[in-house]
Number of protein chains: 2
Amino acid sequence: MSTMREMANAVRFLSIDAVQQARSGHPGAPMGMADFTVALWTRHLRHNPLNPGWWNRDRFVLSNGHASMLLYSMLHLTGYDLSIEDIKQFRQLGSRTAGHPEYRHTPGVETTTGPLGQGIANAVGMALAETMLAAQFNTPEFKLIDHFTYVVMGDGCMMEGLSHEACSLAGSLKLGKLIALYDDNGISIDGAVTPWFSDNTPARFAAYGWHVIADVDGHDPDAVDAAIAAAKAVTDKPSLICCKTIIGYGSPTLCGSEKCHGAPLGDDEIARTRAELGWPHPPFCVPEEIYAAMDARPDGRGHEDAWNELFEAYTTAHPELAAALSRRMHGGLPADFQELAASLVREMNLLEKPVASRKSSQMCLDALAPHLPELVGGSADLAESNCTHWKGAVHFRPDAPTGTSVNYGVREFAMAAIMNGLALHGGVLPFGGTFLVFSDYMRNAMRMSALMGLRVIYVLTHDSIGVGEDGPTHQPVEHVSSLRLIPNLAVWRPADAAETAAAWTWALAQESAPSALCLTRQNLAPLVREGAALANLDKGGYVLLDAADGGDPQVLLMATGSEVMLAVRAARQLADEGVRVRVVSMPCLELFDAQPRSYKDAVLPPAVTRRLAVEAGATGLWHKYVGSDGAVIGMDRYGLSAPADKLFPEFGITVERIVALAREML
Amino acid sequence: MSTMREMANAVRFLSIDAVQQARSGHPGAPMGMADFTVALWTRHLRHNPLNPGWWNRDRFVLSNGHASMLLYSMLHLTGYDLSIEDIKQFRQLGSRTAGHPEYRHTPGVETTTGPLGQGIANAVGMALAETMLAAQFNTPEFKLIDHFTYVVMGDGCMMEGLSHEACSLAGSLKLGKLIALYDDNGISIDGAVTPWFSDNTPARFAAYGWHVIADVDGHDPDAVDAAIAAAKAVTDKPSLICCKTIIGYGSPTLCGSEKCHGAPLGDDEIARTRAELGWPHPPFCVPEEIYAAMDARPDGRGHEDAWNELFEAYTTAHPELAAALSRRMHGGLPADFQELAASLVREMNLLEKPVASRKSSQMCLDALAPHLPELVGGSADLAESNCTHWKGAVHFRPDAPTGTSVNYGVREFAMAAIMNGLALHGGVLPFGGTFLVFSDYMRNAMRMSALMGLRVIYVLTHDSIGVGEDGPTHQPVEHVSSLRLIPNLAVWRPADAAETAAAWTWALAQESAPSALCLTRQNLAPLVREGAALANLDKGGYVLLDAADGGDPQVLLMATGSEVMLAVRAARQLADEGVRVRVVSMPCLELFDAQPRSYKDAVLPPAVTRRLAVEAGATGLWHKYVGSDGAVIGMDRYGLSAPADKLFPEFGITVERIVALAREML
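Residues numbered from 1 in each chain as written. Chains lettered and ligands numbered in written order. Predicted model: local features only at pLDDT ≥ 70, side-chain atom pairs only at ≥ 80, totals over all residues. Heavy atoms only, no water.

Trainee: How do you make sense of the packing of aromatic side chains when you look at a structure like this?
Mentor: Each aromatic ring pair is specified by the distance between its two centres and by the angle formed by the two planes. Residue and element names in this part refer to chain A. Applying the stated criterion to the full structure yields 40 aromatic pairs over all chains. Taking the centre distance of 6.4 Å and the plane angle of 70° together, the rings of Trp 54 and Trp 307 count as edge-to-face. Of this pair, Trp 54 sits in the loop between helix 2 (28–43) and strand 1 (59–62) while Trp 307 sits in helix 12 (residues 297–317), and the two are 253 residues apart along the sequence. Taken individually, Trp 54 and Trp 307 each receive the classification buried, so the pair is uniform in this respect. Within the aromatic cluster, the residues linked to one another by ring pairs are Trp 54, Trp 55, Phe 142, Trp 307, Phe 311 and Tyr 314. Its guanidinium or amino end placed over the ring of Tyr 599, Lys 539 lies 5.7 Å from that ring's centre, counting from NZ or CZ. (Phe/Tyr/Trp six-rings, centres within 6.5 Å; stacked < 30°, edge-to-face > 60°. Helix = DSSP H or I, 4+ residues; strand = E, 2+ residues; numbered from the N terminus. Buried < 20%, exposed > 50% of the residue type's maximum accessible area, 1.4 Å probe, protein only. Lys NZ or Arg CZ within 6 Å of the ring centre and 35° of its normal.)

Below is the structure:
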């Protein structure tokens, strides 16, 4: 039978040889982590390579994603649908073995990693989802949802601030089934880390309330095995296992040095490493007995079969719970959702009093949440300001694990990355709030939501100088536009309660894209809509108001959010002067762009070149819509600290200015 | 004589009453922090209200910037140029007392704070600058640079990941003259923090190698005084003083509750608080004896006078050092800088072999750094990839404090915020590198550089799908454009070595704006320039190549960075077909936008409407330049993991496509 060391060496040489063949990649980390990862996967990880989507599998997250060949090697060797030919294609165009692990791209990859710190935060989200679902669905007889979340992290993850946010919160939430293995090799890209990273990491994690197992020899599988067993036994705290390792373990010349971190070892050193580790096999050849020893399919099938039996019995005993779990794990919405959505939009369209869009957002939540138990909301310590705590919401607490409203604390980045983990786990549908200006703090996690195609909803309130007195540090200027630039992120800036409802219901229905809802602090007047306008709310842009005589408009006004009401007032004033004006509300530019050309041309007729866009933010992206002859009223400078009603005039975002500019065009 | 408590109450009521008058603001934190802040300012802080710019003053940073009234009260009471009328104008348009403290706006405000966590990181930068300057300029006889950096931080700062990054690094760098006071009131906006923030903070900071003084009664000035004295005595570790306080101290009904965090107390509660604290004075009236007791001008003048004498003697003893320090503290460049810059650009323009712009950036550094000892460089653990470690650079270490190359570790956000602190301190000129895609991690600190108008240079390499195999997590798509949206940030994407030199020398000369240099990993062919082109490099956009016959162009190609060479090749091909093509290189759009209309029209003649822009990134912002009839070749989707030379064709960013689209236009 193959030894643990032989299995680890198989991982090492697949990694070494794939990187060498690609002439690019990171061999050092897989070589250093092979021993403890093999110990984890062969002795603890409950998974089924034949079904990477099995709901109750243990999750495994490689937070230091540059060590992708470690994961690909494990997936290949344990029987996932990832062939040796795939391994040989590492980092090539169209291959299944991308430079960093990519979710939806490679079977068995639980999350896309590479941007450091995010994997550990994703893992916190997965462990949180597991805890919530277990509390909601398990019964005394049925432990249906019951798995661990394992995460491997390196020095880079430990240095990133995100690891502080996520791990501090995980400690407070007592996520006992989260087990992190720290690849403590003391090397980062710039070299031996001590001069710039000298934390006592075990003490740091103990300070977070974690169960810490320090000083484990990461090259001793039995020691690691015992540590994991100890970690599993502590269920009221997350566990950190500190594995002392040597980067590039086995490379006689390069081990223990940053030189083996991010470049192929080279043929000579690979030959020396083969000799050192006693691995006589040519590249990409793994002895059959190692394959046999590592094949996780038989056990995996057994685990899943047993669980399927359990689920069958559960379905008999608790048919409604089983159906709900099934719907939620499949990501489907309730059968009546479309109806619910349409009626909510209609109802919000009838509102007659001014209301801030953050408030109408909360009204949407109040209406929808009772129908969507999968919603997991929260805020980065701004629940009341963001209006994210809906009626009847219960806070998630260690002693109230059925709660679905999360206090993330002042931790925007962790909130976003944890929401990604929640969405990745499945069974829950996360949304979370902060001030729009602080989307900066979590921007790369929002990008990861979009890159992975996750249904995560960002509630971003206080969306302009409308913030008022808090001043320029709190007034977003460039943020709406800069979020629009992130591919596959839908950015909504609704103009009133009806558009807010359209945004919410549209966002909830997107199975593979995140949405950002940019909402006001200040009140918005309800808009009056004709039938067509109401029907087109979910097209991203639509004709809100047209010339009374139905003739071709002379001037096109377009706007979003709080500026739509200014455009409407300006249009009325111009209409009084006999000007034919059309007002187009553009709550979601990406969605409008995705409409057929015929629709877009009907809304923005190419013949009408007198176009004026109004948005209390950066102007740059609007030139695409107003064209060479158009103009944009916006803000390409920072705001000021003053009451909001003083600021709009100060920056020339007024009805008068719209009217004046439109007149100039005529 | 006034008691410490009376002085603290003066701070409390100025804060309470100013917030009440503004009907907005944060009274709770100033009320809670007044006692320990008064202890710090009256018994330890060495500053001179008559000269807030005195080089050797102690720095005081309010990291929890929402407590701005605390700082304004202290500035007012100790004699800064901030009158009671200014206090009454808190949060009003045009006042000197903005909602959050703003650098350059209010005398005595050392940095703009509000976005949590950044103040503590700024303070780390200030303490680092002090250490470096002391090492470079002090002599055994002259302790010229010798001050403390004090920072106050709240629970929010403690939760933010940035505090981990900055404080972990401060520990490793042993910044002994950094003293942080933690306002440990256990309340954040969502309420009592324990359920979501249960860190053992003293243990956490001890794990960073800090000197921690736990369990200090923050309302006992003598206890705080003693703790500060103890902190000052430990010079080989930064110190954290944990001050237990009660938010809203003195308010009978609201103290200890989040309800007094972000809203006025209200008239009734203010009356009760006056009674509770025994403060009979009407709003904005502070007894003269308290003013007299708190006036820091006599002592401040004394401190500065003594220091000025020291500096005079130093100037006599070390005239060159004194001149160098003076030049650097005033932010001036060496007298021959313009000449040096011009010669560097000329020299780089003569380079004949292809070179990546990250490499030509390093060549610039190698050439400039010997003339600019104020340069403080570094990288977030990517020194070799970012090419930020110049020839002869010495790493800053606790035992090598004259070093000016900083290993920031994998801490992008801290790097940026620390660079802000370095620039704020003065005497140093910071630049720092990471991959462009990870600008996301530090985006809000980049915004703060721009908002404060700080000379900070961001070296952002691996600027497109040219990254290649690392794949979409590491390939910026939207980043160049999204950085362009940040007001007052100059974003350069140079096309060859000469443009890189222009970017560097331009950036170094900006006294009140940060710059981002977006640089390639892959080689760029050197461009051939005529005289005018070379002269216009620093205009942000210029005619690189024109139709040979000098006639009006039929087609305008514009591009940046690595795509300029594609545009040039396409232009040559089109010229061979008899098409008159102009190629415009646009390395810095903001700078081009700032040129006079006549120059812009000369470069982009309005009559030429056949325009094609090429940039391997988001297309949205280019419509402003190509107009309604133009087109953009770019990327509005994520990249892929593959060698770079496979990716440009995959995404249609090729000479062939440029030629084809240009032909279509004709």
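Trainee: Even after reading the chapter, I still don't get the domain arrangement of chain A, so can you show me in this structure?
Mentor: Where interface size is given, it is often the accessible area lost as the parts come together that is meant. Examined at the domain level, chain A breaks down into domain 1 (4–50 + 57–114 + 150–295), domain 2 (336–518) and domain 3 (539–665). Its C-alpha centre places domain 1 of chain A at a distance of 53 Å from the equivalent point of domain 3 of chain A. (Domains from an automatic or database assignment.)

Trainee: Please clarify how the side chain of Arg 57 of chain B should be interpreted in this entry.
Mentor: All names here are of chain B. Residue position: Arg 57 is located in the loop between helix 2 (28–43) and strand 1 (59–62). The exposure class of Arg 57 is buried, given its relative accessible area of 9%. Of the polar contacts made by the side chain of Arg 57, one reaches the backbone oxygen of Pro 52; its length is 3.0 Å. Polar side-chain contacts of Arg 57 include one of 2.6 Å to the side chain of Glu 110. (Polar contact = N/O pair within 3.5 Å; in protein donor to acceptor, adjacent residues only side chain to side chain.)

Trainee: Got a minute to help me understand the sheet that holds strand 19 (residues 611–614) of chain A in this structure?
Mentor: Strands belonging to one sheet form pairs held by backbone hydrogen bonds; the direction of such a pair is parallel or antiparallel. Residues and elements named next belong to chain A. Strand order in this open sheet of 5 strands is 16-18-17-19-20, and the pairing throughout is mixed. Only two strands of the sheet have a single neighbouring strand rather than two, namely strand 16 (542–545) and strand 20 (631–633). Taking the axes of each pair of neighbouring strands and ignoring which way they run, one obtains an average angle of 30° across the sheet. Bridging between strand 17 (residues 555–559) and strand 19 involves 4 bridges; their strand directions are parallel. Following the sheet pairing, Met 558 is matched in strand 19 by Ala 613. Contacts from helix 22 (residues 564–576) reach strand 16, strand 17 and strand 18 (581–585) within the one sheet, and its direction differs from that of strand 18 by about 170°. (Pairing = 2+ DSSP bridges. Axes fitted to C-alpha atoms, helices over the stretch in contact; angles between N-to-C directions. Contact = heavy atoms within 4.5 Å.)

Trainee: Just checking my understanding: could you explain the packing of helix 2 of chain A against helix 9 (residues 221–233) of chain A for this structure?
Mentor: All names here are of chain A. Close contact between helix 2 and helix 9 brings their axes to 9 Å; oriented N to C, the two are set at 55°. Regarding the angle of helix 2 to helix 9, the classification is oblique. Between helix 2 and helix 9 the crossing geometry is right-handed. Every residue of helix 9 that contacts helix 2 at Phe 36, Ala 39, Leu 40 and Arg 43 is listed here: Pro 221, Asp 222, Val 224, Asp 225 and Ile 228. Grouping the constituent residues of the contact of helix 2 with helix 9 by class yields 6 nonpolar, no polar and 3 charged. (Parallel < 35°, antiparallel > 145°, perpendicular 65-115°, else oblique. Left-handed = near helix turned anticlockwise from the far one by under 90°. Nonpolar A, V, L, I, M, F, W, Y, C, P; charged D, E, K, R; others polar.)

Trainee: How should the pattern of salt bridges be read in this particular structure?
Mentor: Overall, the coordinates contain 58 salt bridges over all chains when judged by the stated rule. One salt bridge connects Arg 443 of chain B with Asp 440 of chain A, and the closest N-O pair in it is separated by 3.4 Å. Of the two residues, Arg 443 of chain B is situated in helix 18 (residues 443–452) and Asp 440 of chain A in the loop between strand 11 (429–435) and helix 18 (443–452); the pairing between them involves two chains. There is no split in this pair, since Arg 443 of chain B and Asp 440 of chain A are both buried. When salt bridges that share partners are traced, they join Glu 130, Lys 143, Asp 146 and Lys 177 of chain A into one network. (Salt bridge = Lys/Arg side-chain N within 4 Å of Asp/Glu carboxyl O.)

Trainee: Can you help me understand the interface of chain A and chain B in this one?
Mentor: Counting residues at the interface gives 97 residues for chain A, matched by 97 residues for chain B. Between chain A and chain B the total buried area reaches about 7700 Å² when both faces are included, carbon and sulfur atoms providing 56% of it. Our count for the contact surface shared by chain A and chain B stands at 6 salt bridges. A salt bridge links Arg 91 of chain B to Asp 470 of chain A; the nearest nitrogen and oxygen atoms lie 2.6 Å apart. Applying the counting rule to chain A against chain B returns 53 residue pairs in polar contact (both at pLDDT 80 or more). Per element, the largest residue contribution to the side of chain A that touches chain B is 7 residues, and it comes from helix 7 (residues 161–172) of chain A. Here the residues of the side of chain A that touches chain B sort into 39 nonpolar, 35 polar and 23 charged. (Buried area = accessible area lost by both parts, 1.4 Å probe.)

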